Amino acid sequence: MRRNIVHSGADALIYEIRQIVALAKQIEAMGVSITWENIGDPIQKGESVPTWMKDIVSGLVAQNKSWAYTATQGDETTRKFLASKVNERGGAQITSDDILFFNGLGDAVAKIFGFMRREARILGPSPAYSTLSSAEAAHSGYEHLTYELNPDNDWMPDLEDIENKVKYNDSIAGILLINPDNPTGAVYPKEVMREIVKICEKYDIILICDETYAHVNYSEWGSIHLSEVIGDKVCGFALRSISKEFPWPGARCGWLEVFNRKNDPTFERYIKSLLDAKMLEVCSTTLPQLSIPLVYSHPEFLNHLKFRNQKFKKKAEKATKILTGIPGVKVIQPKGAFYLTVLFEDGALKPHMTLPISNTKVRDFVAPLMEKAALDRRFVLHLLASAGICVVPLSSFCCNRNGFRVTLLEEDETKFEWIYETLADNIRKYLAS
């Protein structure tokens, strides 16, 4: 072409969580039964949506208004309801004008970075969630800027690392938190979050918190929302969704809760640009928005959350117990979300290590993929080809550490135990090879 139409950040648009599916599908076609542990879809892994929740959605489908456009910013009744829920927490106070709906948080993230000045960088965690890290890298055209999550401190953010990077890199315009965290399952206490707010205030930058898993939280201290700690000086916003907590991932329904937008004219103009961009596509999907006040207000909703959190806590405990004690491996028990990160200790993985692959077609297929693969990706490919378990390498989460992420979602208890016992057995075999 006479003009190069490819964005300079195109190569950063990598989503290994789904891209590995293409490889797994090819291996499956060669005769290997695949157990999908790569993506956080509770429905796909056997969770049943409560009948009362289905009844709410069915009732809305019967109403003509659920088939119509909604307001560009989102349904007004739902936005007023969500603003009131934020204000009940007693921290930062907002109005319905501070709520902005998107077609899932993937859509929100694309707009957040797509309409941010290219020179403005957002500092995110490592390990990172791919949607956020890839979008930030693509927006800037450079490698994603990260701060360390410390596995020797329950995957807590390294506050010194954060401040040093903000202090010495004036391109950093904001800090990103994921709480509860994906992929580590860490949950940040109020004290840690307040320290990060102080850094943002000191250097006059924004604070973004992905709260996708805010209600999938089985820590001792429970959910700490950004609104509870951000105060009245720092500008920022929380990313919220119904994908994981209803759960309704196929609804593609997410929203921003914006805090202190009037404190800075630049931030206010930036938020307006997100709304202006939303106007170009008219609005987000109506039906799931209308369901939110009805589901959140239902007398069974809190019991629903409590039941799920107890379930995931037991799964986290069981999975951690099975994997703990394997030489060369470190596992920190998750306290939120529904993932577990298995970390290989430094030097544990070697490029010669293998697992037996009985299917010759599969062995020939994956062999060339191993040649230039990161050490943890080599393990993941061997695991996929040998045992048929599809997980995601930690190096795909913008991380220099070796490991992999696996879900805690399998509803069949016998199969759940098989998954983790098989993982433990294959890790031992691989490290001993």
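For the structure given in this document, a descriptive report is provided here. It should be emphasised that the depicted structure is a prediction, and the values quoted were computed from it without experimental measurement. (Residues numbered from 1 in each chain as written. Predicted model: local features only at pLDDT ≥ 70, side-chain atom pairs only at ≥ 80, totals over all residues. Heavy atoms only, no water.)

Two numbers describe how helix H13 (residues 375–387) lies on helix H14 (residues 413–432): the axes approach to 11 Å, and their chain directions differ by 120°. Between H13 and H14, the angle is such that the two are oblique. Considering only the axes of H13 and H14, their crossing is right-handed. In this structure, H13 contributes Leu375, Arg378, Phe379, His382, Leu383, Ser386 and Ala387 to the contact, and H14 contributes Trp418, Thr422, Leu423, Asn426, Ile427 and Tyr430. Looking at side-chain class alone, the contact of H13 with H14 contains eight nonpolar, four polar and one charged residues. (Axes fitted to C-alpha atoms, helices over the stretch in contact; angles between N-to-C directions. Helix = DSSP H or I, 4+ residues; strand = E, 2+ residues; numbered from the N terminus. Parallel < 35°, antiparallel > 145°, perpendicular 65-115°, else oblique. Left-handed = near helix turned anticlockwise from the far one by under 90°. Contact = heavy atoms within 4.5 Å. Nonpolar A, V, L, I, M, F, W, Y, C, P; charged D, E, K, R; others polar.)

We now examine the nonpolar core. Counting residues in hydrophobic clusters, the biggest one holds 59 residues, and the most contacted among them are Ile175, Leu207, Ile292 and Tyr296. Among the elements that make up this core, the one with the highest residue count is helix H7 (residues 190–203) (six residues). Each of domain 1 (10–47 + 302–432) and domain 2 (64–299) accounts for three or more of the residues forming this core. Counting 55 residues, the second-largest nonpolar core is a separate cluster that includes Ile20, Met370, Phe379 and Tyr430. (Core = buried A, V, L, I, M, F, W, Y, C linked by side-chain atoms within 4.5 Å. Buried < 20%, exposed > 50% of the residue type's maximum accessible area, 1.4 Å probe, protein only. Domains from an automatic or database assignment.)

All told, the structure shown has 30 salt bridges when counted by the stated rule. In this structure, lysine 311 and glutamate 411 form a salt bridge, with 2.8 Å as the shortest nitrogen-oxygen distance. Of the two residues, lysine 311 sits in helix H11 (residues 301–323) while glutamate 411 sits in the loop between strand E14 (403–407) and H14, which places them 100 residues apart along the sequence. For lysine 311, a relative accessible area of 14% translates into the label buried. Classification of glutamate 411 as partly exposed rests on a relative accessible area of 30%. Counted as one network, the salt bridges with shared partners bring together Glu47, Arg308, Lys311 and Glu411. (Salt bridge = Lys/Arg side-chain N within 4 Å of Asp/Glu carboxyl O.)

In short, the description is geometric, and any link to function would need to be established separately.
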